[in-house]
Amino acid sequence: MRASAVLLLCAALASANPIALKGKRLNLGKGTTIPLAKRGDLPDKRGEATLYSSCVVDNMVALTFDDGPYIYEQDIVNTLNDAGIKGTFFVNGNNWDCIYDQASSLQNAYWGGHQIGSHTWDHPDLTTLSWDDIDSEFTRVEQAIQKIIGAQPAFFRPPYGSYNDDVLQIAANHGMTVVTWDLDTGDSMGEPVWYSEQQYDNAVSWHPDNVLALNHETYDTTAYQVLPYAIQKLKDAGYTFGTVADCVGWWQPYQWTSQPGSWDDSWYC
């Protein structure tokens, strides 16, 4: 390949929208094409976690729910179950509620085949914290998840989607893959139901290869209005559904699994 073509390729990749390019082929002329790898937006770096901001499996939607476990989680699980869909819950230790107070709903989600991921202990912007404090945010919620469901998550979502090199390095130390999203329903920013539904309408209209959708399980409007609408809309568009582990193609949802713990005095926030 000519040097000028290589330079043009590098420039195209640097400026392109990774979601739009993912899974496509770049034409360099004279019949030469280069497949663009289906993987996270960032290349692997020594000591840093892999980052995904979109799915890689064609025609798949991953519905994710942040900031729980909360009082609507069981109803969301029931809606997903009724539709034959597995979702992903990125949970906190002590945010909208104490994780131990919602242990039964978290267990029901896990035992129902839905994926449980880490979302820090109390939902801070990790980029404002010291190394030790970031590490503590990982460790405390992992310990709670291990007690409640007997599993160590393999996926982590940073609060607000905010991360830096320290966050990626600490995530790697904890054996985590980092996941953000490419569709935001806006529920956590106070957007009305019609706005959230419109985000799904827009996705169906554009019909990307796949969708990694951010919802929050802490709003009744998301649980009872937006979620049923989104499921029907996406099904009618021909999408299949999977967990985050499914949609990135080859990862396991947990680093290890065992029996859950028994309640004792340490189960408190």
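It should be emphasised that the depicted structure is a prediction, and the values quoted were computed from it without experimental measurement.

The rules behind each value
Residues numbered from 1 in each chain as written. Predicted model: local features only at pLDDT ≥ 70, side-chain atom pairs only at ≥ 80, totals over all residues. Heavy atoms only, no water. Disulfide = S-S within 2.5 Å. Helix = DSSP H or I, 4+ residues; strand = E, 2+ residues; numbered from the N terminus. Buried < 20%, exposed > 50% of the residue type's maximum accessible area, 1.4 Å probe, protein only. Polar contact = N/O pair within 3.5 Å; in protein donor to acceptor, adjacent residues only side chain to side chain. Contact = heavy atoms within 4.5 Å. Salt bridge = Lys/Arg side-chain N within 4 Å of Asp/Glu carboxyl O. Core = buried A, V, L, I, M, F, W, Y, C linked by side-chain atoms within 4.5 Å.

1. Some points on the state of the cysteines
Here is step 1: The tally for this structure, following the rule as stated, stands at two disulfides.
Here is step 2: Through a disulfide, Cys-55 is tied to Cys-247; the S-S separation comes to 2.3 Å. Disulfide Cys-55-Cys-247: torsion about the S-S bond near -75°, hence left-handed. Taken together, the positions of Cys-55 in the loop between strand S3 (51–52) and strand S4 (60–68) and Cys-247 in helix H9 (residues 244–247) put the pair 192 residues apart, joining distant regions of the chain.
Here is step 3: Cys-55 sits in the buried class, given a relative accessible area of 0%.
Here is step 4: A sulfur-sulfur separation of 2.1 Å characterises the disulfide bridge that pairs Cys-98 with Cys-269. Its S-S torsion of approximately 80° makes the covalent link between Cys-98 and Cys-269 right-handed.

2. Observations regarding the side chain of His-119
Here is step 1: Here His-119 shows up in the loop between strand S6 (115–118) and helix H5 (131–149).
Here is step 2: On the basis of relative accessible area, His-119 is assigned to the buried category, the value being 1%.
Here is step 3: A distance of 2.7 Å separates a polar side-chain atom of His-119 from the backbone oxygen of Arg-157.
Here is step 4: Those residues within four positions of His-119 in sequence are excluded, and the remaining contacts are Asp-66, Asp-67, Phe-90, Val-91, Asn-92, Phe-156, Arg-157, Pro-158 and Pro-159.

3. Comments concerning the pattern of salt bridges
Here is step 1: What the rule picks out here adds up to two salt bridges.
Here is step 2: Its salt-bridge partner being Asp-66, residue Arg-157 comes within 2.9 Å of it at the nearest N-O pair. With Arg-157 in the loop between strand S8 (155–156) and helix H6 (165–173) and Asp-66 in strand S4, this pair connects stretches of sequence that are 91 residues apart. Pair check on accessibility: Arg-157 and Asp-66 agree, each one buried.

4. Considering the nonpolar core
Here is step 1: Of all hydrophobic cores here, the largest spans 43 residues; its most connected members are Leu-63, Leu-80, Phe-89, Ile-99 and Ile-116.
Here is step 2: Listing elements by their share of this core, those giving two or more residues are S4, helix H3 (73–82), strand S5 (88–91), helix H4 (103–111), H5, helix H7 (193–206), strand S11 (211–216) and helix H8 (220–236).
Here is step 3: Top element by residues in this core is H8. It accounts for six residues.
Here is step 4: In this structure Leu-80 touches Leu-63, Phe-65, Ile-85, Gly-87, Phe-89, His-114, Leu-227 and Ile-231, once residues within four positions along its chain are discounted.
Here is step 5: Core analysis: the next-biggest nonpolar cluster, separate from the first, contains 14 residues, Ala-154, Leu-212, Val-244 and Val-248 among them.

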